[in-house]
Amino acid sequence: DMFDPERLIQCPLVKHHWIRARRFPYHLVKCKERNPEIAKKLATCPFNARHLVPQADLSDHIMKCNDKALLDQDEVSQSCEPPQEELNNGSTWQAPPCEEDWET
């Protein structure tokens, strides 16, 4: 299951590192610090910071990245909603007058 926090993911920096999905972001930060020479050769996917790919393969990865599809779907759903200013401008609701006096 892709969303299982206990599944094991292979580190893109050091191939013999296998990390639980829930710890993966923390591992990437530490592993980049400990392996700066390897980290310099990798590029970060603009759609998911957990995707580290060789710099030469980044454009190919961007074209095929599964998270790009999720982002595209989110943009479509947002474009179907009316802009916030239209919602605010069309409202005629006004707060009722307050009859309470908190000073007394």
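Attention here is on the structure that accompanies the text. Everything numeric in this text was worked out from a predicted model, so none of it was measured.

On to the overall build of the protein, then. Counting its secondary structure elements, the protein contains five helices and four strands. N-terminal to C-terminal, the α/β element order of the protein is β-β-α-α-β-β-α-α-α. For the protein, the proportion of its 104 residues judged to be buried stands at 20%. Once local pairs closer than 6 in sequence are excluded, the contacts in the protein between residues at least 24 apart make up 13%. Per element, the accessible surface of the protein, about 8800 Å² overall, is 53% carbon and sulfur.

Mapped onto the fold, H27 is located in helix α1 (residues 24-34). Polar side-chain contacts of H27 include one of 3.3 Å to the side chain of H17. Excluding anything up to four places from it in sequence, H27 contacts C11, H17 and I19.

A few words on the pattern of salt bridges. Counting across every chain of the model gives four salt bridges. Among the salt bridges present, the one from D60 reaches K64, with a minimum N-O distance of 3.5 Å. Placement of the pair is D60 and K64 together in helix α3 (residues 58-64), with a separation of four residues, close to one helical turn. For D60, a relative accessible area of 41% translates into the label partly exposed. Overlapping salt bridges bring together E6, R20 and R22 as one network.

Right, let's get into the environment of Q55. Along the chain, Q55 falls in the loop between β4 (52-54) and α3. A sequence separation of eleven residues divides Q55 from T44, and the C-alpha atoms of the two residues are 8.4 Å apart. If we ignore the near neighbours within four places in the chain, the residues touching Q55 are K40, K41, L42 and A43. In this structure the side chain of Q55 is engaged in a polar contact, spanning 2.9 Å, whose partner is the backbone oxygen of K40.

Basis of the calculations
Residues numbered from 1 in each chain as written. Predicted model: local features only at pLDDT ≥ 70, side-chain atom pairs only at ≥ 80, totals over all residues. Heavy atoms only, no water. Helix = DSSP H or I, 4+ residues; strand = E, 2+ residues; numbered from the N terminus. Buried < 20%, exposed > 50% of the residue type's maximum accessible area, 1.4 Å probe, protein only. Contact = heavy atoms within 4.5 Å. Areas by Shrake-Rupley, 256 points an atom, 1.4 Å probe, with all protein chains shown as cover. Polar contact = N/O pair within 3.5 Å; in protein donor to acceptor, adjacent residues only side chain to side chain. Salt bridge = Lys/Arg side-chain N within 4 Å of Asp/Glu carboxyl O.

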